[in-house]
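A structural walkthrough
In case you want the letters, here they are:
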Amino acid sequence: EISWMKPGDVKKLDGAGAKVKMGYALMTEFRLNKVVSLATGIGFEKNGGALNYTDTAYYHFNEEPLKININDTVNEFFQLKSRNFSVAYWAIPITLKMRTKEIGVMTYFAQAGINLGIRTKALSEDDVRSTKKTTSTLEDINISKDMNFFKAAINVGAGAEYNLAGSTSLLISVNYLNGLTNVSKSKSDYMFRTDGTAYKQKFTNNAVSLSVGVLF
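Keep in mind it's a predicted model, so treat the numbers as computed, not measured.

1. Overview of the layout of surface pockets
Of the volumes computed, that of the largest pocket is approximately 1,000 Å³. Surrounding the largest pocket, 36 residues form its lining, Tyr-24, Ala-25, Met-27, Ser-211 and Val-212 being those nearest its centre. Elements supplying a minimum of two residues to the lining of the largest pocket: strand S4 (24-31), strand S5 (36-53), strand S7 (77-99), strand S8 (106-130), strand S11 (168-179) and strand S14 (203-215). For the lining of the largest pocket, a count of residues per class yields 18 nonpolar, 12 polar and 6 charged. In this model, the second largest pocket occupies a volume close to 360 Å³. Taken together, 17 residues line the second largest pocket, and the ones lying closest to its centre are Arg-31, Arg-99, Thr-107, Glu-161 and Leu-215. Broken down by secondary-structure element, the contributors of at least two residues to the lining of the second largest pocket are S4 and strand S10 (150-165).

Now the structure itself:
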């Protein structure tokens, strides 16, 4: 899967690259008629992508919220320049799958629906500038509390099934997932602007996935 973050406000955030991840899933289908099936299941996936923070955002390297005071000479604060996300989800796809008739040993299909995601953990790698005027990269920062627990995306795709024997087929599909919901907390408890107000953020998670599996 290739995933990336799409900023809601390009004046504050700028897309800075995609991430390639692998996942797995168990799927099932319920035939509604000879052509249409309801396809659903549960899977585990890791999404990500990178963002440049073009608007000033500060935070303290601490998992607990801390009110920022940019004139604080005791604590060290970091201005976030760019962030590379790695977010794990339990994924639940719900799609309608429309098949052609079998052509030789092949059956082709298209599908459309929605993907729901439940976040399990989120980590980041941050390029920062310290209030002590040093630049560095901070790794494996736990940002789970600053990411939304739930996400949703439109799921459209197409693929083919190759009959191996009886009802067993090899399946391959390509799907595009267009994020519908803000995957971050809209008002951060951990990042602040220069004036001390909470940093407001909005970005969705989009992806293109290649799926290969066995259908029984």
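2. Describing the confidence of the model for the protein
Detailed reading of predicted coordinates is not advised where the pLDDT is low. For the protein, per-residue confidence averages 89 on the pLDDT scale, and residues scoring 70 or more make up 93% of the total. Confidence, expressed as mean pLDDT per element, reaches its minimum in the protein at strand S6 (residues 58-60) with 77 and its maximum at strand S1 (residues 2-7) with 95.

3. A short note on the side chain of Asn-155
You can see Asn-155 is positioned in strand S10. Overall, Asn-155 belongs to the buried group, its relative accessible area being 5%. Reaching out from Asn-155, the side chain makes a polar contact with the side chain of Asn-115 at a distance of 2.7 Å. Contacts of Asn-155, omitting those with residues within four sequence positions, involve Pro-93, Thr-95, Gln-111, Ala-112, Gly-113, Ile-114, Asn-115, Asn-175, Tyr-176 and Leu-177.

4. A word on the environment of Ala-112
Tracing the sequence through the fold places Ala-112 in strand S8. Setting aside residues no more than four positions away along its own chain, Ala-112 makes contact with Thr-95, Leu-96, Asn-155 and Val-156.

5. With respect to the packing of aromatic side chains
If you walk through the whole model with that rule in mind, you get 5 aromatic pairs. Between the aromatic rings of Phe-44 and Trp-90, the centroid separation amounts to 5.4 Å while the plane-to-plane angle is 65 degrees, which identifies the pairing as edge-to-face. Residue Phe-44 is located in strand S5, and its partner Trp-90 is located in strand S7; the two are separated by 46 residues in the primary sequence. For Trp-90, a relative accessible area of 37% translates into the label partly exposed. The interplanar angle of 55 degrees and the centroid separation of 5.2 Å between the aromatic rings of Phe-85 and Phe-203 together place this pair among those described as tilted. With Phe-85 in strand S7 and Phe-203 in strand S14, the pair connects residues that are 118 residues apart, well separated along the chain. For the pair Phe-85 and Phe-203, a shared accessibility class is recorded, and that class is buried. Ring pairing ties together the aromatic residues Tyr-24, Phe-44 and Trp-90, which thus form one cluster. The side chain of Arg-83 reaches across the aromatic face of Tyr-59, ending 5.6 Å from its centre. Looking at Lys-97, its charged tip hangs above the ring of Phe-109, at a distance of 4.2 Å from the centre.

Reading the values: rules and limits
Residues numbered from 1 in each chain as written. Predicted model: local features only at pLDDT ≥ 70, side-chain atom pairs only at ≥ 80, totals over all residues. Heavy atoms only, no water. 1 Å grid on protein atoms, 1.4 Å probe; cavity = no way out; pocket = protein on both sides within 12 Å on 5 of 7 lines; lining within 4 Å. Points joined across faces, edges and corners; volume = space filled by probe spheres on them. Helix = DSSP H or I, 4+ residues; strand = E, 2+ residues; numbered from the N terminus. Nonpolar A, V, L, I, M, F, W, Y, C, P; charged D, E, K, R; others polar. pLDDT = per-residue confidence, 0-100. Buried < 20%, exposed > 50% of the residue type's maximum accessible area, 1.4 Å probe, protein only. Polar contact = N/O pair within 3.5 Å; in protein donor to acceptor, adjacent residues only side chain to side chain. Contact = heavy atoms within 4.5 Å. Phe/Tyr/Trp six-rings, centres within 6.5 Å; stacked < 30°, edge-to-face > 60°. Lys NZ or Arg CZ within 6 Å of the ring centre and 35° of its normal.

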